[in-house]
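Descriptive analysis of the structure
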Amino acid sequence: MTVSARLRWGREASVFASTERAPNALRILYLTPGCYDKGGISRYCRYQIQALRENHGAERVTVLSLLGPDQNGFEEPFAVSWRGG
């Protein structure tokens, strides 16, 4: 695929991003203060992490959350690579 085809917006660009993942492709480290509570920042972090995983592949996104889940937090499970206490 040519460089100009990779840079085009729209369906072709998203298909390229999701199907061609080279071994030396971009790896992402996502640091968050927390993604388990019900606040706006945590919700935004979850949405960003989910979008990064969908666009680049879950195996390429490492998530570190300083705060872990608690009894008053988000009800659905959300996977991270590491979480604090």
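Look up: the structure comes first, before these words.
Scope of this entry: the structure provided in the associated data block. Please read these numbers as outputs of a predicted model, since none were measured by experiment. (Residues numbered from 1 in each chain as written. Predicted model: local features only at pLDDT ≥ 70, side-chain atom pairs only at ≥ 80, totals over all residues. Heavy atoms only, no water.)

Quick notes on the nonpolar core
Convention followed: In this description, a nonpolar core means a group of buried Ala, Val, Leu, Ile, Met, Phe, Trp, Tyr and Cys residues linked to one another through side-chain atoms lying within 4.5 Å. Here's how the labels work: a residue is buried when its accessible area is under 20% of the maximum for its type, exposed when over 50%, partly exposed in between, all with a 1.4 Å probe on protein chains only. In this description a helix means any DSSP run of H or I spanning at least four residues, a strand means any run of E spanning at least two, and both kinds are numbered starting from the N terminus.
In terms of nonpolar packing, the biggest core is built from nine residues, these being Ile 28, Tyr 30, Cys 35, Tyr 36, Cys 45, Ile 49, Val 61, Val 63 and Phe 78. Listing elements by their share of this core, those giving two or more residues are β1 (28-34), α3 (40-56) and β2 (61-67).

Quick look at α3
Here is the rule: Here the expected span of a helix is defined as 1.5 Å times the quantity of residues minus one. What the arc covers is the set of directions going from the helix axis to the C-beta atoms. Whether two residues touch is decided by their heavy atoms; if any such pair falls within 4.5 Å, the residues are in contact.
For α3, spanning 17 residues, the distance from its first C-alpha to its last is 24 Å, which sits close to the expected 24 Å at 1.5 Å a residue. Turning to α3, its buried residues are Ser 42, Cys 45, Arg 46 and Ile 49. An end-on view of α3 places all buried positions within 100 degrees of arc, on one side of the element. In α3, the exposed positions angled more than 90 degrees off the buried face are occupied by Tyr 44, Tyr 47 and Glu 54. On its buried face, α3 sits against β1 and β2. Of the residues flanking the end of α3, it is Gly 57, one or two places downstream, whose phi is positive at about 95 degrees.

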